Amino acid sequence: MATPVIVSSSTESASRFQHALRRLGQKPVLLLGLLLAVTLLTRVAYFCVPLLGHDEPTYAAMAARYLNGGLPYADAVDHKPAGISATYALVFAFAGIYNILAVRLFFVFVIALSGLMLAQLGRRLLDDDRGWLSGLLYVLFACVGIGSHHYPPDTELFLNLPLITAALAVHFALEKPSGLLLLTVAGFLTGLAGFYKYQGAMAGVAWAVAVLYAKRGAHSSLRLLMWRWLALIVGFAVSAALYLGFFAWKGIWSDFLFWGWGFNAKYLSTIELRESAWLLVRALLVMGGSWLPLLLCFLVPHKKHLPGFIWAWLVVMLSVCGLGGRFFYSYFLMALPPLCLLCLPGLLALFDGKKGWIPHQLQIMSVLTCLLCTAFALVAVFWIEIAPNQAVEHKAARAVSDYLAEHSSPSDRVFVWGAAPEIYVYSKRVIGTRFVFCNYHTGKIWGGHLTDVDATGTESHIVPLAWTELLNDLQNNRPLFVVDGARFDRFDRHPVSRYPQLAEVIEQNYSQVALVSGVPIYRRKDQIGSPSVRPSAQP
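Residues numbered from 1 in each chain as written. Predicted model: local features only at pLDDT ≥ 70, side-chain atom pairs only at ≥ 80, totals over all residues. Heavy atoms only, no water.

**Student:** Which parts of the structure should I look at to understand the packing of helix α4 (residues 83–95) against helix α5 (residues 100–126)?
**Tutor:** The packing of two helices is summarised by the inter-axis angle and the distance between the axes. With their axes 9 Å apart at the nearest point, α4 and α5 run at an angle of 115° to one another. The crossing of α4 and α5 is right-handed. Taking contact as the criterion, the partners of T87, Y88, V91, F92 and A95 in α4 are, on α5, I100, A102, V103 and F106. Its residues placed into classes, the contact of α4 with α5 shows 8 nonpolar, 1 polar and no charged. (Axes fitted to C-alpha atoms, helices over the stretch in contact; angles between N-to-C directions. Helix = DSSP H or I, 4+ residues; strand = E, 2+ residues; numbered from the N terminus. Left-handed = near helix turned anticlockwise from the far one by under 90°. Contact = heavy atoms within 4.5 Å. Nonpolar A, V, L, I, M, F, W, Y, C, P; charged D, E, K, R; others polar.)

Pasting the structure below:
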C-alpha cells in the first residue's frame, strides 16, 4: 500500500505564489497595469502638491517659451541638454501650457513602461518568468529618495527608458548571427538618452563591453565584432547628428555651444575637492540607506549569474554620477535599472527557499521596502510643510503670481529676478527674458556652498555673457512686469539693488506698483495709467 504524500498548507501556498509570479510575467498588459498602479500609488503627491522643487517649474517655464516661438539656449537658457524642457513642451502642446499634472501623468507612464521593459529584460537574462520582479523593484525604488530630487519629472528617469530599451535590444542582437540592425537601434536610443543628460549616453560603453564578450560560434570573427561596434556607433551618430543639427538648422549653434556645452566646463570646475568628498559621503549614506533592501539581495548565495555587461552598465552609471563633484541624489537613479537586475538572483533564491546571511531576510527586506516607500511618499505629500522655508515661500509666490495674473493678460511677459520659477507657473505667464533663473548673473552655482544664503565670493563665478544677454532682452523684449524675487531660494543677499546696471534699467523704464508679501513688483512706466496698477501693498 502506497504511503500518502502530505503537503503542508504553507508549502502549497508558496507553490501557488510562485506560480502566480510566473504567470504574471507572461502577461505584459496586466503587468503594465500593475506597474502603473504601483507608480501612481507611490507618487500620490502629484495630485496634492502643486510643485516639487525648482527643476519642475524651471522646465515648465522654458517649455512655455518654446511654445511661444522661443528656441533652446537662444530664448530659454539652461546648461542641461534640451530634451527635458522639450518633453515638457511636447506635453503642453497637447494638454495646455503649464499643465503640470499632465506632465506628471506622462512621467508616471514613462516610469511604468521602463519597469515593463526592465521586467522583460530580467525574464530573458535569467530565463525565469519571475524576472519581471526587476521592473517592480524599479518603480518602487525610483520613488525612494528626497522629495525635490526623486519626485519631479526630471532627466534621469526619462533617460532610463531609452537605455533600458537599448539594453534589451543589445541582448536580442547578441542572440542573432549578426544583430546589426538591433545594435544600430541600441546606439540610437543611447544617443537619445543623451538628449536628457549627457552622462546617460555613457551607457554605450556597457553595450560595447557586451559585444566584446558575447558568446560567438564558429561563424564569428573579429570582423563581426568590428561590424557590431560600428552598428552601435552609427546608431549613436544618427541621434547625435539630429540633436546637433537642430541647433545648426535654427541658426543658434553659438548659443548651444556656449550654454549647452561650453558652460559645463566652468560648472564642473566650481567645487572644491574637500566639499566634493563630503557630498560623495553624504550621497552614499543617503542612497545606500534608501536602497538598503536592494543591497541586501547581494547577501544571498545563488548560482544564477547575469551577463557582465549589466555590471559594466552599473559601474558606468555610478561613475558618471560623480562628474562635476556634486553627487546630487537624483543622479543615482541612472544606476537603478542595472542594480535592480543584479538584485534578481539573490531575490529569486530567497523565493526558492534559500537562506541569506540575515535570519528572515526576505521578510525584513519586504517590510523595509514598504516602510521606505510609504515614508518617502508621505514626505513628498507634505513637502511644502517639511522643507525649510517652503511654506512661506510658497505662500509668497502664490500671492505674487495672483497679482501678476490679475494685472496682466496671458500675452504679457514677466521677468523674475532671482530663482523663483514657480511664479511663472502659478501666474501662467511667459518669461520676459531668456533666463528663468539668475544664478549665472550672481555666481550662485548649484550643488555646493555657493548656493547658501550667506555665501560669499560668488562674484568670481558670474558669467559676463549672461549679463549682456539679460540687459539686451530687457531692452528688446520689454516685459510688462519685473519682480525682485531676492527673498526666494536663498537669494536674500542678491536683490536688484546690488547690481547697478540692472537697477538703472529698472529705474529708467519701470515704476514700483506693488509690494506683495515683501516682494517688490515693477511695471513698465509707459503702461501705467489704469486704476488697477496704482502702487499698493499686500500681505
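On we go from here.
**Student:** Is there a simple way to explain unusual backbone geometry in this structure?
**Tutor:** Peptide bonds are, in most cases, trans, and in most cases residues other than glycine have a negative phi. Phi at R478 is positive, roughly 45°, even though this residue is not glycine. Examined against the element boundaries, R478 turns out to sit in the loop between α22 (464–477) and β3 (481–485). Given a relative accessible area of 40%, R478 falls into the partly exposed group. Of note in this structure, R490 is not a glycine but carries a positive phi near 65°. By the secondary structure assignment, R490 is in the loop between β3 and α23 (500–509). The class for R490 is partly exposed, based on a relative accessible area of 37%. (Buried < 20%, exposed > 50% of the residue type's maximum accessible area, 1.4 Å probe, protein only.)

**Student:** Looking at this structure, I do not really get the nonpolar core. What am I missing?
**Tutor:** General note: in soluble globular proteins, nonpolar side chains tend to be found buried as a group. One finds W207, W313 and I521 to be the most contacted residues of the largest nonpolar core, which totals 185 residues. No other element matches the 14 residues that α5 contributes to this core. Beyond its immediate chain neighbours, meaning those up to four positions away, W207 contacts L163, A166, A167, V170, A186, T190, L232, F309 and W313. (Core = buried A, V, L, I, M, F, W, Y, C linked by side-chain atoms within 4.5 Å.)

**Student:** What's the story with the pattern of salt bridges in this structure? I'm lost.
**Tutor:** When charged atoms on two side chains of opposite charge get close, those side chains can pair. Taken as a whole and assessed by the stated rule, the structure comprises 14 salt bridges. Of the charged contacts in the structure, one is a salt bridge between D75 and R65, with a shortest N-O distance of 3.7 Å. In this pair, D75 sits in the loop between α3 (55–66) and α4 while R65 sits in helix α3, placing the two residues 10 residues apart along the sequence. Of the residues examined, R65 reaches a relative accessible area of 11% and is grouped as buried. In this structure, the salt-bridge partner of E469 is R434, at a minimum N-O distance of 3.4 Å. Within this pair, whereas E469 is found in helix α22, its partner R434 is found in the loop between β2 (430–431) and α21 (439–442), the two being separated by 35 residues in sequence. Looking at R434, the relative accessible area reads 13%, which means it is buried. Taken together, the shared-partner salt bridges in this structure form one network comprising D128, R130, K304 and D352. (Salt bridge = Lys/Arg side-chain N within 4 Å of Asp/Glu carboxyl O.)

**Student:** What is the right way to read helix α11 (residues 222–249) from this model?
**Tutor:** Every α-helix carries 3.6 residues per turn, so stepping three or four residues along brings you back to the same face. Between its first and last C-alpha atoms α11 spans 39 Å; for 28 residues at 1.5 Å apiece the expected length is 40 Å, and the two agree. Buried-residue contacts for α11 involve α8 (155–173), α9 (180–193), α10 (204–212) and α12 (253–268). (Expected span 1.5 Å × (residues − 1).)

**Student:** I keep staring at the environment of L299 and nothing clicks. Help me out?
**Tutor:** Here L299 lies in the loop between α14 (292–296) and α15 (308–320). Residues L299 and Q361, 62 residues apart in the sequence, show an inter-C-alpha distance of 9.3 Å. If near-sequence neighbours (up to four positions away) are discounted, L299 is found in contact with G356, W357, I358 and Q361.

**Student:** Whenever I open this one, the side chain of H171 confuses me. Can you help?
**Tutor:** Its place among the elements puts H171 in helix α8. Overall, H171 belongs to the buried group, its relative accessible area being 12%. Look past the residues within four positions of H171 in its chain and what remains in contact with it is L121, R124 and L125.

**Student:** Mind showing me how you'd approach the pairing of strand β1 (residues 413–418) here?
**Tutor:** On any regular strand, side chains alternate: one points to one face of the sheet, the next to the other face. Burial of β1 is extensive: 5 of the 6 residues sit out of reach of the surface. One ladder, built from 2 bridges, connects β1 with β2; its direction is parallel. Considered in β2, the bridge of R413 is made with V430. Once you follow β1 into helix α20 (residues 422–427) and on to β2, the crossover reads as right-handed. Here 5 bridges tie β1 to β3, and the two strands are oriented parallel to one another. Considered in β3, the bridge of V416 is made with V483. (Pairing = 2+ DSSP bridges. Right-handed = clockwise from strand over helix to strand, strands pointing away.)

**Student:** Got a minute to help me understand the packing of aromatic side chains in this structure?
**Tutor:** Using the criterion set out here, one finds 31 aromatic pairs in the structure. Judged by centre distance (6.2 Å) and plane angle (90°), the rings of Y88 and F92 are edge-to-face. With Y88 and F92 both in helix α4 and 4 residues apart, this pair spans about one turn of that helix. Neither residue differs from the other here; Y88 and F92 are each classed as buried. Here the aromatic cluster, defined as three or more aromatic residues joined through ring pairs, consists of Y73, F195, Y243, F246, F247, W249, W253 and F256. Here the guanidinium or amino end of R398 rests over the ring plane of Y426, the centre of that ring lying 4.0 Å away. (Phe/Tyr/Trp six-rings, centres within 6.5 Å; stacked < 30°, edge-to-face > 60°. Lys NZ or Arg CZ within 6 Å of the ring centre and 35° of its normal.)

**Student:** Even after reading the chapter, I still don't get a nonpolar patch on the surface, so can you show me in this structure?
**Tutor:** A cluster of nonpolar side chains, W227, L230, I233, V234, V238 and L242, forms an exposed patch at the surface whose accessible area comes to about 550 Å². With respect to the element layout, W227 can be found in helix α11. (Patch = residues over 30% accessible without salt bridge, like charges linked within 9 Å, V, L, I, M, F, W, Y side chains within 5 Å. Areas by Shrake-Rupley, 256 points an atom, 1.4 Å probe, with all protein chains shown as cover.)

Honestly, it's all geometry; don't read function into it.
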